[in-house]
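This is what each chain is made of:
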Amino acid sequence: MDFDFSFLAEYSGVLWRGLLTTLQFVGIAVVLGLVWGFVLSLGRTSSNKGLYWLATLYVEFFRGTPVLVQLFWIFFCLPLFLGVELSGFISAVIALSLYSGAITSESFRAALKSIDASQFDACIALGLPQGVQTVFVILPQAMLRAIPNLLSNVVSLFKESALVSAVGMADLMYVGQNIANNVARPIEILTAIALIYFAIGFPLTRAVSLVEGRLLKVVKA
Amino acid sequence: MNYEFDWFYVKKGFPQLIEGLWLTLELTLWANVIGLVLGFLVAIGMLSKIKAIVWPLTAYIEFFRCTPALIQLVWFFFCIPILFNVWWSAEFMGILALGLNLAAFNAEAYRAAIQAIPHAHTDASTALGLNVFQRIIHVILPQALILSLPVLITNGIGIFQQSALVALISVEDLMYQGRYISTQTFRPIETLTTVALIYFAVSFPVSQAVTLIERRTKRLLAN
Amino acid sequence: MAFVEIDGLVKRYGSLSIFEGFDLHMENADRLVLIGPSGCGKSTLLRCMMGLEDIAGGTIRLGGDDYIQGATDGRMTLDRRVQKEVGMVFQHYTLFPHLSVLGNLCLAPVRSRGVKKSEARDKAMGLLERFGLAERANFYPSQLSGGQKQRVAIARALMLDPKLMLFDEVTSALDPELVVEVENTMMELAEGGMPMMIVTHDMHFARSIATKVVFQERGKVIEAAAPDDLFGNPQQERTRDFLRNVLHIEG
């Protein structure tokens, strides 16, 4: 069997643009997901029953259904609901961000829960008012502890972002499949695409374990 | 919002959706069989001191963990037939891709669990005169299974959700049937919402069970 | 009037009763060491005094002020003065891991007492110097040994000028060779006249630091006496049993 990777050079520009689109989707979904996830985690730790259940249902639903279904739902149904046209780009961004928010809120919540009860004892023993306790003791520790999970969420979103190709967004996946169809050389092109994803996904995953090891040492006092 | 709901087509197409669900469950089951068995074998292989074994296994795990499941699936679908000159069904390709993906994640779960087994147990098994295989089967496997059970189930239900991807290579699973009905009837809201609810109805109880099991296993192994 | 007066303390965890009317008094110059079998409520007593536990009844007075008033419905009213007057050091250090040593010391004075940053800093450096920890001021807790962590925790409590210090098994989590440095620090505080209540399993240390040793069992004070009397000539059968067991184990 002959492999011919030389033709790939011809398409490097298109692939590059596809990759940028992918990264753009991921970047926006991560940032919006951080904000939305923080709001959701407040709801999930709230003592208000209504808020708690609303946030919990939301998070469980988005974690309990395929992202592909969510994407199609936003893409096909949301415009009907809202009665306005949504571009494919906007739909895909909304879908990824809603999902990102759900997994981000879980990271925040787990981080909050992992703080040892004795830290609260120490705050009382030092007579720290509630506000000081939250802002200077609990929140910074929660943020530190959430970092590894937040990073691994970025990896997840990076991988899930390939789904936007299914609704016609010209991301790396979409561009790759298109070229593969046009030149009838699926092995070379699909392998190349996989390697590009890997070249970004692998260092990110490594970074997660590195950061995790470092942080564990710090927060374990 | 002034959308008028019409559930007629969902009711009419419901048997079709259930048929899709069965296929989805079938894919999930087989992918899990591959994932649980192959994952353990890979994890055991990773314990080896021989680089020629560890390196390819590491490459396999990292590759499947660090690339989108969609590219894996599409790659299998288009490239396996050309490379090996075999013509397997799309369902089988789906099972293969999902199963190999799951095995990579499960191997990591097993590995973490094996590392968490106290080293004293290895010494104890040596002292009891167990050989390597007896040790793997009677000491390591049961504990690794119990310790990693929550993660294995979480991964397993994750593959149930990921299996929706096979709709993109024309496997007629739940996702595919939902898409089909919604485009045929122009009723995406009713159909896709129903599809989402079916997925949720399966995965939610399982994820709740994981929380329970996690609490149990912690107590069981707290020695 | 005694410096600390605990009268009729009632404390329960659900159906488990720890204290049903516990009384204990302590004079200003005292260093009280609480000993007794595990589960007898020594640590719980300190936690009640610090306001970390709800109590179901009784009063705890410090310098004549009621500061925890038990009520029958299990809720208590806690006067914020308690934390201003009492310092506490825990078994597991409980340093804030995200703050440096200096940050740990200055947090409470600056954020809840309105002390100027520079003032708190000078005071903190003074304390660290005294404890031989000055060069660790900018280290993080994870970079310290257990003994150093515990001495930083003591310094952190001293930043608020407590009138009474509570020590809850502060050497129990330490490797044996690190115990001495923490005990020496406590000895130095004792020589400076700091009133203390100490829970410890180290009988030799108890004997050397205490002015009064309290043996308690099942939520009751069995015997309280000067260390030489209690260790040398215990009056109660149960005290003798307990001491025989622990001293035998210690070899």
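The present account deals with the structure reproduced in this document. (Residues numbered from 1 in each chain as written. Chains lettered and ligands numbered in written order. Predicted model: local features only at pLDDT ≥ 70, side-chain atom pairs only at ≥ 80, totals over all residues. Heavy atoms only, no water.)

**Some thoughts on the interface of chain B and chain A**
Interface size, as often reported, equals the accessible area lost upon joining of the parts.
Phase 1: With 38 residues of chain B at the contact, the number on the chain A side is 37 residues.
Phase 2: Carbon and sulfur atoms supply 80% of the area buried between chain B and chain A, which totals about 3500 Å² over both sides.
Phase 3: A salt bridge links B:Glu62 to A:Arg206, with the nearest nitrogen and oxygen atoms 3.1 Å apart.
Phase 4: There are 8 residue pairs in polar contact (both at pLDDT 80 or more) connecting chain B and chain A.
Phase 5: When contributions to the side of chain B that touches chain A are tallied by element, the ones reaching two or more residues are α2 (51–66), α3 (69–84), α6 (132–162), α7 (174–185) and α8 (188–220) of chain B.
Phase 6: Sorting elements by how many residues they give to the side of chain B that touches chain A places α8(B) first, with 13 residues.
Phase 7: Its residues placed into classes, the side of chain B that touches chain A shows 28 nonpolar, 7 polar and 3 charged. (Contact = heavy atoms within 4.5 Å. Buried area = accessible area lost by both parts, 1.4 Å probe. Salt bridge = Lys/Arg side-chain N within 4 Å of Asp/Glu carboxyl O. Polar contact = N/O pair within 3.5 Å; in protein donor to acceptor, adjacent residues only side chain to side chain. Helix = DSSP H or I, 4+ residues; strand = E, 2+ residues; numbered from the N terminus. Nonpolar A, V, L, I, M, F, W, Y, C, P; charged D, E, K, R; others polar.)

**Some details on the pattern of salt bridges**
Phase 1: Within the structure shown, the criterion is met by 21 salt bridges over all chains.
Phase 2: Of the charged contacts in the structure, one is a salt bridge between C:Lys163 and C:Glu85, with a shortest N-O distance of 3.0 Å. Remark: C:Glu85 occurs in helix α2 (residues 81–85) and C:Lys163 occurs in the loop between α5 (146–158) and β8 (164–168); sequence separation between them is 78 residues.
Phase 3: Salt bridges sharing partners connect three or more residues here, namely A:Arg44, A:Arg63, A:Glu106 and A:Arg109.

**What about a negative patch on the surface?**
All names here are of chain B.
Phase 1: Where like charges cluster on the molecular surface, the negative patch consists of Glu-19, Glu-26, Glu-91 and Glu-172.
Phase 2: With respect to the helices and strands, the residue Glu-172 is situated in the loop between α6 and α7.
Phase 3: Taking relative accessible area as the criterion, Glu-172 reaches 44% and is therefore assigned partly exposed. (Patch = residues over 30% accessible without salt bridge, like charges linked within 9 Å, V, L, I, M, F, W, Y side chains within 5 Å. Areas by Shrake-Rupley, 256 points an atom, 1.4 Å probe, with all protein chains shown as cover. Lys, Arg positive; Asp, Glu negative; His and termini not counted. Charge placed at Lys NZ, Arg CZ, Asp CG, Glu CD. Buried < 20%, exposed > 50% of the residue type's maximum accessible area, 1.4 Å probe, protein only.)

**Here's the deal with the packing of aromatic side chains**
Phase 1: Per the counting criterion, the structure on display carries 21 aromatic pairs over all chains.
Phase 2: Seen in terms of ring centroids, A:Phe25 and A:Phe89 are 5.0 Å apart; in terms of plane orientation they differ by 40°. Their pairing is tilted. Note that A:Phe25 is positioned in helix α1 (residues 12–44) and A:Phe89 in helix α4 (residues 88–113), a separation of 64 residues in sequence.
Phase 3: A residue is classified by how much of its surface remains accessible, and A:Phe25, at 1% relative accessible area, is buried.
Phase 4: Between the aromatic rings of A:Phe61 and B:Phe200, the centroid separation amounts to 4.9 Å while the plane-to-plane angle is 45°, which identifies the pairing as tilted. With A:Phe61 in helix α2 (residues 49–64) and B:Phe200 in helix α8, the pair connects residues from two separate chains.
Phase 5: Site record: aromatic cluster; members linked through ring pairs are A:Trp36, A:Tyr58 and A:Phe62.
Phase 6: Of note, B:Arg179 hangs over the ring of A:Phe72, and the distance from its end group to the ring centre comes to 4.5 Å. (Phe/Tyr/Trp six-rings, centres within 6.5 Å; stacked < 30°, edge-to-face > 60°. Lys NZ or Arg CZ within 6 Å of the ring centre and 35° of its normal.)

**So, α1(A)**
Phase 1: If you check α1(A), its first and last C-alpha atoms are 45 Å apart, about what 33 residues at 1.5 Å a residue would give, namely 48 Å.
Phase 2: A:Gly33 marks the point of greatest bend in α1(A), at about 25°. (Expected span 1.5 Å × (residues − 1). Bend = angle between axes of the 7 residues up to and from the residue.)

**Side note on the sheet that holds β8(C)**
All names here are of chain C.
Phase 1: Taken together, 6 strands build an open sheet; the order of strands is β7-β8-β9-β3-β10-β11 and the sheet is mixed. Among the strands making up the open sheet, the edge pair consists of β7 (86–89) and β11 (220–225). Put simply, the sheet's adjacent strands are angled 20° from each other on average, direction ignored.
Phase 2: The sheet strands contacting α5 are β7 and β8, and the helix crosses β7 at an angle near 170°.
Phase 3: Against the sheet, helix α6 (residues 176–191) engages β3 (31–35), β8 and β9 (196–199), with an angle of about 155° to β9. (Pairing = 2+ DSSP bridges. Axes fitted to C-alpha atoms, helices over the stretch in contact; angles between N-to-C directions.)

**Digging into the interface of chain A and chain C**
Phase 1: Listed by partner, the interface residues are 21 residues for chain A and 23 residues for chain C.
Phase 2: Here chain A meets chain C over a buried area of about 2000 Å², counting both sides, of which 70% is carbon and sulfur.
Phase 3: Scanning the region where chain A abuts chain C turns up 3 residue pairs in polar contact (both at pLDDT 80 or more).
Phase 4: When contributions to the side of chain A that touches chain C are tallied by element, the ones reaching two or more residues are α5 (117–125), α6 (130–160) and α8 (186–219) of chain A.

**Thoughts on a positive patch on the surface**
Phase 1: Together, A:Lys113, B:Arg215, B:Arg216, B:Lys218 and B:Arg219 give the surface a local cluster of positive charge.
Phase 2: Position of B:Arg215 relative to the elements: it lies in helix α8.
Phase 3: The exposed category is assigned to B:Arg215, whose relative accessible area is 53%.

**So, the pairing of β8(C)**
Residues and elements named next belong to chain C.
Phase 1: β8 sits mainly inside the fold: 5 of its 5 residues count as buried.
Phase 2: What you see with β8 is no split at all: Leu-164, Leu-166 and Asp-168 on one side and Met-165 and Phe-167 on the other are buried throughout.
Phase 3: Bridge count between β8 and β9: 4 bridges; the pairing is parallel. In the strand pairing of β9, Phe-167 is matched with Ile-198.
Phase 4: A crossover connection joins β8 to the parallel β9 through α6; in handedness this β-α-β unit is right-handed. (Right-handed = clockwise from strand over helix to strand, strands pointing away.)

**Considerations on the layout of surface pockets**
All names here are of chain B.
Phase 1: Looking at the second largest pocket, its volume works out to about 410 Å³.
Phase 2: Surrounding the second largest pocket, 17 residues form its lining, Leu-47, Ile-114, Thr-122, Arg-135 and Ile-140 being those nearest its centre.
Phase 3: Contributions of two or more residues to the lining of the second largest pocket are made by α4 (90–116), α5 (119–127) and α6.
Phase 4: Of the residues forming the lining of the second largest pocket, the biggest block, 5 residues, is contributed by α6.
Phase 5: In terms of residue class, the lining of the second largest pocket is made up of 9 nonpolar, 6 polar and 2 charged. (1 Å grid on protein atoms, 1.4 Å probe; cavity = no way out; pocket = protein on both sides within 12 Å on 5 of 7 lines; lining within 4 Å. Points joined across faces, edges and corners; volume = space filled by probe spheres on them.)

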